[in-house]
Amino acid sequence: MAAVSDPVELGAPWGPVRSEPPPTRFHPVHGANIRVDPSGTRATRVESFAHGVCFSREPLAPGQVFLVEIEEKELGWCGHLRLGLTALDPASLTIVPEFSLPDLVSLGHTWVFAITRHHNRVPREGRPEAEAAAPSRPPTLLMEPYLCIEQFRIPRDRLVGRSRPGLYSHLLDQLYELNVLPPTARRSRLGVLFCPRPDGTADMHIVINGEDMGPSARGLPATQPLYAVVDVFASTKSVRLVQLEYGLPSLQTLCRLVIQRSVVHRLAIDGLHLPKGLKDFCKYE
């Protein structure tokens, strides 16, 4: 097994062969208003706007993304999903705090990031905040097949959330043409991971629809088990886990890349002589 300080590349095509991490699931310990489905992959807040804190069932491996998709929204509340990591074992909590911010964080060894309607890019060391707050738009429907975060290369395809297209969406919304959703929108995908550093600490990264927001927390204890934290808070009502593959992109994914790069916008896919299932996969799966 590689040491913490060694470069580790989950899924790098020319990197060392590594076993796939186990499927992600929600922990049976969670907030009082959360209901987790029998598969452990969907968490729904059934009442109020709080008591929606959830955890990963297992600690994350270095470079493993705990990825959720927003399935349901609830109008009338102010605030959105919160995401992060904790070195606290969920099974050791006698009571799950009402909020991840500030309640869970105040217990220590917990780092949580509030997702907003705007970009959550975190300023990098030595760069001004204004530069971090103005991310560049991707030039195509789907960017390069891999997302590189420090020493890790992660297949980007499943990281990207896609809206269900409407008849005139391509005319009214530039985000539709780019196939990118706002961070707090329904079907948006948000993930958290940690990247070990040579000094034995780790950086926490948040990924929003296939884009790395930068290290949102530094100095995490890489030698301790780190669990994902998902707070199904306020206007976010239900999330489901999205499973990633860390190897080479599948043939299906590669075919989608070719198709998407050959059309002006997703509605043009409907005019292709392809099976409906493949068309749907190319548009928004």
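Residues numbered from 1 in each chain as written. Predicted model: local features only at pLDDT ≥ 70, side-chain atom pairs only at ≥ 80, totals over all residues. Heavy atoms only, no water.

If you look the protein chain up in an unreviewed UniProt entry, it shows as Neuralized-like protein 2 isoform X1 from Vicugna pacos. Looking at the protein chain in UniProt, the text filed under Pathway (unreviewed entry) is "Protein modification; protein ubiquitination." (UniProt positions renumbered as here; feature names shortened; annotations may be inferred.)

Enquirer: Just checking my understanding: could you explain the sheet that holds strand E13 (residues 236-242) for this structure?
Expert: Adjacent strands of a sheet form backbone hydrogen bonds with each other and so pair up, either parallel or antiparallel. The antiparallel open sheet is built from seven strands, whose spatial order is E1-E2-E13-E4-E9-E10-E11. Both edges of this open sheet fall to strand E1 (34-36) and strand E11 (211-221), since each of them pairs with a single strand only. Shown here is a sheet whose adjacent strand axes are inclined to one another by a mean of 20°, direction ignored. (Pairing = 2+ DSSP bridges. Helix = DSSP H or I, 4+ residues; strand = E, 2+ residues; numbered from the N terminus. Axes fitted to C-alpha atoms, helices over the stretch in contact; angles between N-to-C directions.)

Enquirer: Quick question: what am I supposed to make of the nonpolar core here?
Expert: Nonpolar side chains in soluble globular proteins tend to be buried together. Ranked by internal contacts, the top residues of the largest apolar core, which has 31 residues, are Phe26, Phe66, Val68, Val192, Ile206, Val230 and Val239. Of all elements in the fold, only strand E4 (66-73), strand E5 (82-86), strand E9 (189-196), strand E10 (201-208), E11, strand E12 (227-231) and E13 reach the threshold of two or more residues within this core. Here this core gets four residues from one element, more than from any other, and that element is E10. Residues within four places of Val239 in sequence aside, it is in contact with Phe26, Thr41, Arg42, Ala43, Val68, Glu69, Ile70, Glu71, Leu81, Val230 and Val232. Among the nonpolar cores identified, the runner-up in size contains 13 residues, and Val65, Leu67, Ile149 and Leu244 belong to it. (Core = buried A, V, L, I, M, F, W, Y, C linked by side-chain atoms within 4.5 Å. Buried < 20%, exposed > 50% of the residue type's maximum accessible area, 1.4 Å probe, protein only. Contact = heavy atoms within 4.5 Å.)

Enquirer: Could you clarify how one ought to interpret the packing of aromatic side chains in this entry?
Expert: The geometry of an aromatic ring pair is captured by two quantities: the separation of the ring centres and the angle between the planes. Counting across every chain of the model gives five aromatic pairs. Note on Phe26 and Phe66: the rings are 5.9 Å apart at their centroids and 80° apart in plane angle, and the pair reads as edge-to-face. With Phe26 in the segment before E1 and Phe66 in strand E4, this residue pair connects regions lying 40 residues apart in the sequence. Of the two residues, Phe26 and Phe66, neither departs from the other in class, the shared state being buried. One residue, Arg153, lies across the ring of Tyr146, its end atom 4.7 Å from the ring centre. (Phe/Tyr/Trp six-rings, centres within 6.5 Å; stacked < 30°, edge-to-face > 60°. Lys NZ or Arg CZ within 6 Å of the ring centre and 35° of its normal.)

Enquirer: What is the right way to look at the side chain of Thr24 in this model?
Expert: With respect to the element layout, Thr24 can be found in the segment before E1. Residue classification places Thr24 among the buried positions, given a relative accessible area of 7%. Among residues more than four places away in sequence, those in contact with Thr24 are Thr41, Gln64, Val65, Phe66, Leu241, Val242 and Gln243.

Enquirer: Whenever I open this one, the sheet that holds E5 confuses me. Can you help?
Expert: One open sheet holds the four strands; their spatial order is E3-E12-E5-E6, and the pairing between them is antiparallel. Of all the strands in the sheet, just strand E3 (53-55) and strand E6 (110-114) have a single pairing partner and so form its edges. On average, adjacent strands in this sheet sit at an angle of 20° to one another, irrespective of strand direction. As paired strands, E5 and E12 are joined by five bridges and run antiparallel to one another.

Enquirer: Looking at this structure, I do not really get the side chain of His80. What am I missing?
Expert: Position of His80 relative to the elements: it lies in the loop between E4 and E5. Residue His80 is classed as buried on the basis of its relative accessible area of 11%. A polar contact of 2.9 Å, which involves the side chain of His80, links it to the side chain of Ser235. Ignoring any residue separated from it by four or fewer positions in sequence, one finds His80 in contact with Lys73, Ile115, Arg117, Thr184, Phe233, Ala234, Ser235 and Thr236. (Polar contact = N/O pair within 3.5 Å; in protein donor to acceptor, adjacent residues only side chain to side chain.)

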